[in-house]
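Structural characterization, general
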Amino acid sequence: MAVPKRRLSKCRRDRRRANWKLTVPGFVACPQCHEPMMPHRVCPTCGHYKGTQVVNNIAE
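Residues numbered from 1 in each chain as written. Predicted model: local features only at pLDDT ≥ 70, side-chain atom pairs only at ≥ 80, totals over all residues. Heavy atoms only, no water.

Under an unreviewed UniProt entry, the name given to the protein chain is Large ribosomal subunit protein bL32, and the organism recorded is Veillonella seminalis ACS-216-V-Col6b. We quote the UniProt Sequence similarities (unreviewed entry) comment for the protein chain here in full: "Belongs to the bacterial ribosomal protein bL32 family." (UniProt positions renumbered as here; feature names shortened; annotations may be inferred.)

Within the protein chain, the secondary structure is distributed over one helix and four strands. For a compact globule of 60 residues, the expected C-alpha radius of gyration is about 10 Å, and the protein chain comes in at 23 Å, more than 25% above that figure. In terms of its C-alpha atoms, the protein chain occupies a principal-axis envelope of roughly 65 × 25 × 20 Å. By residue count, 10% of the 60 residues in the protein chain fall in the buried class. Considering only contacts within the protein chain whose residues lie at least 6 apart along the sequence, 0% involve residues at least 24 apart. About 5,900 Å² of surface is accessible on the protein chain, with carbon and sulfur atoms providing 56% of the total. (Helix = DSSP H or I, 4+ residues; strand = E, 2+ residues; numbered from the N terminus. Rg over C-alpha atoms; globule rule 2.2 N^0.38 Å. Buried < 20%, exposed > 50% of the residue type's maximum accessible area, 1.4 Å probe, protein only. Contact = heavy atoms within 4.5 Å. Areas by Shrake-Rupley, 256 points an atom, 1.4 Å probe, with all protein chains shown as cover.)

Right, let's get into unusual backbone geometry. Despite not being glycine, His34 shows a phi value in the positive range, around 65 degrees. Assignment of secondary structure puts His34 in the loop between β1 (28-29) and β2 (36-37). Despite not being glycine, His40 has its phi angle at roughly 65 degrees, a positive value. Along the polypeptide, His40 turns up in the loop between β2 and β3 (48-49).

Before going further, it helps to spend a moment on the pattern of salt bridges. Under the definition given, this model contains one salt bridge. Close ionic contact of Asp14 with Arg13 constitutes a salt bridge, the shortest N to O distance being 3.0 Å. What makes Asp14 partly exposed here is its relative accessible area of 40%. Under the relative-accessibility criterion, Arg13 is labelled partly exposed at 30%. (Salt bridge = Lys/Arg side-chain N within 4 Å of Asp/Glu carboxyl O.)

Attention shifts here to the side chain of His48. In this fold, His48 is placed in strand β3. On the basis of relative accessible area, His48 is assigned to the buried category, the value being 18%. Among the polar contacts listed, one links the side chain of His48 to the side chain of Gln53, at a separation of 3.2 Å. Among residues more than four places away in sequence, those in contact with His48 are Gln32, Arg41, Val42, Cys43 and Gln53. (Polar contact = N/O pair within 3.5 Å; in protein donor to acceptor, adjacent residues only side chain to side chain.)

Printed below as a string of structure tokens:
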């Protein structure tokens, strides 16, 4: 089993971990009610998906 011979410096360790960041989810405007929603999902405000009513009474 491989074991490091020397201890890694903080700089090298932190450089490796520099890209561990969260990304903001991409929101789009709903074509029916123009509220922000996640793409390829039912709109949480009006319940439409691809121009058709899929869910009734979702905002109540």
